[in-house]
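Observations on the model geometry
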Amino acid sequence: MSDDEEHYEPKAHKKLLQAIGSLGKVQHIQKSTRDERQSRQDEFQLVKGVSSAETDNTPRAVGLNDLVDILRTSTKHSQTGKKLKNIQGSKKVLEKPLEKPAADRIKRTIGYEGVTKKLGRWDAVVAQQRSAETQIFPLPSETVYVNTSANARPLNTRVKSNLAQELEANKRKLRELRKAEIGDTTDEKELAKQERLLLQKKLTRDELFARRKELAYLKMRESQKSAKARMQNKIKSKKFHKLQKRQKMLEQMKEFELLQKTNPEAALEKLNALEKSRVQERASLRHKNTGTWAKNLQIRAKYDKDVRKDLAEQLAVSRELTQKKQESDSEDETIKKRVVPEEEENDYDPFNPWTKRKATEQTENEKGESGDANWRQYWTKRNKNEKLLEEHRRDLEGVQDNDEQEEKETIQKPLTEVKPAKKKLKKSKVKIENGWQVEDISPTDRKEAKERPNSKAIDDIFEKHEDQIRAKLSKKMEKLKERVNKLKEAPIKAKKAKKKDVLQNLKSLALKKTKQQIEIDEPLNYEEDKNSQNNIPVQVESNTESTETPAVDTIDPNKVTTLVFTQKKGNSGGLNDALIDDEAAEYDEEDAAAERQLTISQAFEDDDIVADFNRDKGKDSELKNTELQLALPGWGSWAGAGISKEVMERRNKRLLLKLAAPEKRRDENKDNLYINESASKHARQHMVSSIPFPFRSLADYEASIRAPVGRNFVPETAFRMLTRPAVITRKGQVIEPMTESELVKPDRRLRHIVDRRIKRIPKVPPKAKIA
Amino acid sequence: MSTQRPKTVSTAKESFRASAVSADSRSEVISHSDSDEEWEPGNEDKPASDVTIYNYYNMGPAFGKKFPLPYIRLMIAQVVKEKLANKTYNQLEALKWIREVADDINIKMKGRGSSPRFKHVVNVMLYQQTGAGCFYGARAIWDELSDDYHPKQLSTLATGAYDGEVRIWDLANRISSRNFVAHDGFVRGIVYTQNAARIFTVGDDKTIKVWKAEAPEVGEDEVPVNTILSKFGLHGISHNRKDNKFATCGEVCAIWDESHNDPLKTLKWGVDTLHTISYNPVETSILACCASDRSIILYDQREAQPLRKVVLTMKSNKLAWNPMEAFNFTVANEDCNLYTFDTRKLQTPLKVHFDHVSAVTDVDYSPTGKEFVSASYDKTIRIYNAHHSHSRDIYHTKRMQHVVCVAWSLDNRYVFSGSDEMNVRMWKANASEKLGVIRPRERVNFNYQEALKQKYAAHPQIKRIARHRQVPRHVLNAQNKMRTVKEKEQVKEANVRKHTKKSKKVPYVSEKKKHVLKEEV
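Residues numbered from 1 in each chain as written. Chains lettered and ligands numbered in written order. Predicted model: local features only at pLDDT ≥ 70, side-chain atom pairs only at ≥ 80, totals over all residues.

**Comments concerning the overall build of chain B**
Inclusion rule: Secondary structure follows DSSP: runs of H or I at least 4 residues long count as helices, runs of E at least 2 residues long count as strands, and numbering of each begins at the N terminus. Using C-beta atoms placed from the backbone, we call a residue buried if 20 or more other C-beta atoms fall within 10 Å of its own, exposed if 12 or fewer do, and partly exposed for counts in between. C-beta atoms are first placed from the backbone for all residues, and any pair lying within 7 Å is then listed as a contact.
Per the secondary structure count, chain B includes seven helices and 31 strands. Relative to its full complement of 521 residues, chain B shows a buried share of 47%. The long-range share in chain B, meaning contacts at least 24 apart out of those at least 6 apart in sequence, stands at 56%.

Spelled out as structure tokens, the structure:
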């Protein structure tokens, strides 16, 4: 044993020595071996490799020079070596990357853009799905049916006999012989294989290209964006910022102009914002020559002409800014003045009660429906009325003080418009008409009006003043008209703009629905759960009762129409002067619009409606046929004639049925009131009060209600079509989410002109080809 | 497992969580006739004995009674007789006569014909309301937290519970066919792979476990195929519908490959916990998370960074993508509302869905993408049309507590709910639908009734009946309270508006815009 121990083994000894030597530096933790792909390495796995420091020749980092030296050895690469050297010399350092948050943000935006684009592909499919009258789930996928039975070779399960094998070999030989005869030396199998390989290769290559392109594009976008972000943060040039500011302003102006056309409300807001920024600038003492720059210049201004000029310019700018404000102020005032006469409510016709009421209504209505379409109409009418009024008044007043007035009348004409307005204005100081604020007239005007009879000397002053006012007014009027026209367009366009909602957009894309169904999106009506079982039968009963009364259960489409309008009336607050055409069963929409604008006064110009109503009332309350004779001739006189008259009379009296006197009319003693008592209260709760959602016009809705659905009215196929449910699913069949096969791929863009020309050639239908 | 019928389609439906377990009351396994054509839960010879079933449905009155054909014949005969009696044919006159006859019939029909039709509609509505036997079946288990369907078998549902147990349900027989304890603590998420061979579960013990979808052989133990220890806490899981990737959320959103034990990538934005994750079923690389800082974050599994974040006023509890509209998703929010968003326009939701009176806990789309179902803390389930802001229907029962999770069956027939009182419930998706075999004539009649309902939907009485629902008292009270509060706020706003200067005008903010705080890039 001892011999064995002492036996010297140089290898083992060396190992031992090494182990002892490196005792202090031993790495206890093994270097980890990765068996999973990981995107992130954590620090626990990073083990310091066994240091090679103890070895003498420590390898230093490889420098470029080493590389160049090696390259120099062969003449072939010496050029490359030089180039490398040169590159090192040029020292073009890469730019510092962006800060991490900024870089991340850029990455995120690019990613999101990509996703939105990708999702956008589904728009058309979704729109089509939504607009489809009937949707069948699971979605019918396009399956290609190939009859494989013709090409299918039966599976060889039998062991071939010798004879069969021989036959096969012969066949093969024969085929080869034939080929040789033709001169075809290619191997079919080989060819097929090659082709397949080629195809595969090509496909992958194309894919690779596409992918590389996409990646390159993304990279480019990212670098562009980061470069831009970096640049913009750095720029210090005041001029640049000034220019940028100006550009921004221009952009805003453009936006504003665009908005003005599409969405005037937003435009107004924008205008306000712009105005505000202007005001801020004005308030900031920018151009007041109070800044340090101006103060410095002021010192030099004594000696330098140019500096003085600069300062003067600056002041001019400030003056301009403030000047503008005054102008705008005056604008407001004149508008106020101009609008005042609108308030005048003196066109009073003592003979026509309807027109009287209408006049008071008019203002109310206008308040309600601000910015209305018949604004201009109103104006023209008003002007006419004013003229008539003037004449009327002149006739009345002419007797009393024609002497005094004669001289002034020419001057006063415009002012008479103002005068009557005063009384009204005392009651309601500020009114809003079509969005404009209307305020009390300025006190000076009133004074003028009072002073007029006393002072003839001031006439000239008045004249001047009036001329001014008139000029301004005409100007303002034009402006107003313009604005009003814009306002008129506004509501329509605003609606259109709102439609940009994605959902709506889709709808516009969609095909037109042929079968419209009512959509009701309202909260459910709730009731407590407690006595649910009791409630339901009661409902059934009550409902059947109500439906059984003959007056109730018919729904007359005409009545539906009336209700619609009466509701509107209630909304607008005032009496509605719309005319309702009861008899028009086929209700025309355009006519309706026109008719609604017919005022009652116009419609009943000739006849006296009040009298008509009263006549109706009288007719109803008259006693008519309160007694009914039930006796029939011959009844009771079985024995023939000759029965005493007394007996007959007594009997007839007995058979006389006395009816109760008709109930009093509710509006019997009320003079100008006519309550329609024939309208049924019970029917009302069964009538539709407004046009339900998908329908735009009453006529459409009525038509849809009138159209029968049942098989008793329409042919069977039509019945099936009409009652086809909106969604068809099958029991026990899994409905898969949409797949890419639903997407309609866009046509490939053809680059070559010949390709395009070929594409334009109309395709010959296959049938024609055959023929 | 007596009934499992392979269906022709493949793909997994993600996102349902529920829970499971207590007494395993397995009734005798029943031989079941496998009819591939129609899967009818009502067809079984003997369903589980301890399940309560409510399934009543009254058909409406026969149409012939409401619309007497003989009467119409008589009327037409009368009119014709009246108009054409004692007249000889004359070509010039004939046209006029025909028109007269037609007008007469028309007028008479207006008077008599239309009203019974209307009455018929009312009757249909009423019968459907009273016959709406929506509650289908229930069974006691422990609290549910998560559930997922077998993507190929309609009759299989998996649920995970607060006590860490997973249960697989045989829906046709309404029994639990398999159960095992998967995790210590809650089962946070459960999901089938796209080929339905495996089930992934995540739990509070920071592990992802992979289980076989089939039950083990007799005598074998329930052992997970694979257990992955995660570095981060896990709150949810979702599986990609097309490839073998899945995503988990928790402290970070991690994308995993089925064949690897380390995540392919982790996506992080901020430090908040992500508590829900959901893959888009159509554009399968897109996914979304809800974070506890009230935000919804969009991801793309191919990108190295999250895409976008939108912050709402309150926390979103759950998120569901529309399976038929790739770009729309709906979130169930803590503020009693649901919000449907367009992924491309996150600053305003497309629609705000009201009606719940307490926090909405879960949402799931119907496979048709037209409707979705929501579960709420107010102990009710509601069904919404995806484009309407008010619910179509409300489901509740006396014993159902806070509903935790909800799912819509893949054949669009049933809705499943798991609630705090440890029950999984199965509801009909359309309450008044008839279960069982429907004969063609019946089908035609139903379609006709539906068409009539649609036609007269706007009539006030019909509308009233159609929208009338009995609700529990607490819901009614809460609703009244919410209405009062809302009205008060509106009055207040109007007053503020009235009494502020025109120059400092109070803006009108639409209801849609109120709830979105900001969109972060």
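**Examining the overall build of chain A**
Helix and strand content of chain A: 29 helices and seven strands. Per-residue burial for chain A yields a buried fraction of 6% across its 771 residues. Contacts in chain A between residues far apart in sequence, at least 24 positions, make up 69% of those at least 6 positions apart.

**Re the sheet that holds strand β16 (residues 286-291) of chain B**
Hydrogen bonds along the backbone pair up the strands of a sheet, which may run parallel or antiparallel. All names here are of chain B. The criterion, for reference: For two strands to be treated as a pair, DSSP must find no fewer than two bridges joining them. Note on definitions: angles span 0 to 180 degrees between N-to-C directions of axes, and those axes are lines fitted to C-alpha atoms, for helices only across the stretch in contact.
Spatially, five strands are ordered β15-β16-β17-β18-β31 in an open sheet, and the strand pairing comes out antiparallel. The two strands at the open ends of the sheet, each matched to only one other strand, are β15 (274-279) and β31 (516-520). Taken pair by pair, the neighbouring strands of this sheet meet at an average axis angle of 20 degrees, ignoring direction. In this structure, strand β18 (residues 308-312) lies alongside β31, joined through four bridges in antiparallel fashion. Paired with valine 311 across the two strands is lysine 518, which belongs to β31.

**Re helix α2 (residues 69-84) of chain B**
Every α-helix carries 3.6 residues per turn, so stepping three or four residues along brings you back to the same face. Residue and element names in this part refer to chain B. The condition is simple: Expected span of a helix: the number of residues minus one, times 1.5 Å.
The end-to-end C-alpha distance of α2, which contains 16 residues, comes to 22 Å, matching closely the 22 Å that a straight helix rising 1.5 Å per residue would cover. Here α2 lies mainly on the outside; zero of its 16 residues are buried. Directly after α2, the chain includes asparagine 86, whose backbone phi takes a positive value near 60 degrees.

**Topic: the packing of helix α3 (residues 64-72) of chain A against helix α4 (residues 78-90) of chain A**
Residues and elements named next belong to chain A. As a reminder, the rule being used: Geometric relationships in this document are graded by angle, where less than 35 degrees denotes roughly parallel, more than 145 denotes roughly antiparallel, 65 to 115 denotes roughly perpendicular, and other angles denote oblique. Handedness of a crossing follows from how the near helix is turned relative to the far one, being left-handed for an anticlockwise turn of less than a right angle and right-handed for a clockwise one. Only Asp, Glu, Lys and Arg are considered charged, only Ala, Val, Leu, Ile, Met, Phe, Trp, Tyr, Cys and Pro nonpolar, and every remaining residue, Gly among them, polar.
Relative orientation of the contacting elements α3 and α4 amounts to 160 degrees, with a least axis distance of 8 Å. Between α3 and α4, the crossing angle belongs to the class labelled roughly antiparallel. At the point where α3 passes α4, the crossing takes the left-handed sense. Residues Leu64, Leu67, Val68, Leu71 and Arg72 of α3 pack against Ser78, Thr80, Gly81, Leu84, Lys85 and Gln88 of α4. Considering only residue class, the contact of α3 with α4 consists of five nonpolar, four polar and two charged.

**Comments concerning the nonpolar core**
For clarity, the cut-off: Each nonpolar core comprises buried Ala, Val, Leu, Ile, Met, Phe, Trp, Tyr and Cys residues, the members being joined through C-beta atoms within 7 Å.
Residues Ala247, Cys253, Ala288, Cys289, Tyr299, Val406 and Val415 of chain B are the most contacted members of the largest nonpolar core, which totals 98 residues. Other than its neighbours up to four places away in sequence, valine 406 of chain B contacts Asp362, Asp364, Val373, Ser374, Ala375, Ile381, Val415, Phe416 and Ser417 of chain B. Formed by 11 residues, the second largest nonpolar core is a distinct cluster that contains Val688 of chain A together with Tyr448, Ala457 and Ala466 of chain B.

**Regarding the UniProt feature "repeat: WD" (unreviewed entry) in chain B**
All names here are of chain B. For the record, the criterion: UniProt positions are given in the numbering used here, feature names are shortened, and annotations may be inferred rather than shown by experiment.
What UniProt calls "repeat: WD" (unreviewed entry) maps, in this numbering, to residues 157-179, 180-212, 353-385 and 396-437. For residues 157-179, the helix share is 0%, the strand share is 70%, and the end-to-end C-alpha distance is 12 Å. Segment residues 353-385 splits into 0% helix and 55% strand. End C-alpha atoms: 9 Å apart.

**Here we look at unusual backbone geometry**
Going from phenylalanine 137 of chain A to proline 138 of chain A, the amide bond is cis rather than trans, its omega being -5 degrees. Relative to the helices and strands, proline 138 of chain A is located in the loop between β1 (135-136) and α7 (162-182). Positive phi values are uncommon outside glycine, yet cysteine 336 of chain B reaches one of about 75 degrees. For cysteine 336 of chain B, the location among the structural elements is in the loop between β20 (328-333) and β21 (338-342). In this structure, lysine 379 of chain B is a non-glycine residue whose phi angle is positive, near 70 degrees. Tracing the chain through its elements places lysine 379 of chain B in the loop between β24 (371-376) and β25 (381-385). Residue lysine 379 of chain B is classed as buried on the basis of its 22 C-beta neighbours within 10 Å.

**A closer look at the confidence of the model for chain B**
All names here are of chain B. Quick reminder of the rule: Across the chain, each position has a pLDDT score giving the predictor's confidence in that residue, from 0 to 100.
Overall, the predicted model of chain B reaches an average pLDDT of 80, with 79% of residues at or above 70. The low-confidence segment residues 52-61, where pLDDT is below 50, has 24 contacts with residues more than four positions distant or belonging to other chains. In the predicted complex, the global pTM is 0.55; the interface-specific ipTM is 0.75.

**Here's the deal with the pairing of strand β5 (residues 165-170) of chain B**
Residues and elements named next belong to chain B. Within β5, six of the six residues are buried, which leaves it mostly tucked inside the rest of the structure. The alternating pattern of β5 places Glu165, Arg167 and Trp169 and Val166, Ile168 and Asp170 on opposite faces, both of which are buried. Across five bridges, the pairing between strand β4 (residues 156-161) and β5 is antiparallel. Opposite threonine 156, over in β5, you have aspartate 170 as the bridge partner. The hairpin turn running from β4 into β5, its antiparallel successor, is three residues long, and glycine 164 in that turn takes a positive phi close to 85 degrees. The pairing of β5 with strand β6 (residues 175-181) spans six bridges and is classified as antiparallel. Paired with aspartate 170 across the strands is isoleucine 175, a residue of β6.

**Comments concerning the sheet that holds strand β26 (residues 391-395) of chain B**
All names here are of chain B. Pairing in this open sheet of four strands is antiparallel, and the strands run β23-β24-β25-β26 from one edge to the other. At either margin of the open sheet sits one strand with a lone partner, and together these are β23 (360-365) and β26. Across the sheet, the axes of successive neighbouring strands diverge by a mean angle of 20 degrees, strand direction being ignored. Across five bridges, the pairing between β23 and β24 is antiparallel. Along β24, the bridge assignment pairs aspartate 364 with valine 373.

**As for the environment of threonine 500 of chain B**
Structurally, the position occupied by threonine 500 of chain B is in the loop between α6 (473-499) and α7 (511-514). Ignoring any residue separated from it by four or fewer positions in sequence, one finds threonine 500 of chain B in contact with Lys505 and Val506 of chain B.

**Considering the environment of threonine 134 of chain A**
All names here are of chain A. Considering the arrangement of structural elements, one finds threonine 134 in the loop between α6 (123-131) and β1. Counting along the chain gives 592 residues from threonine 134 to alanine 726, while the straight-line C-alpha distance between them is 4.4 Å. The residues contacting threonine 134, other than those within four sequence positions of it, are Arg724, Pro725, Ala726 and Ile728.

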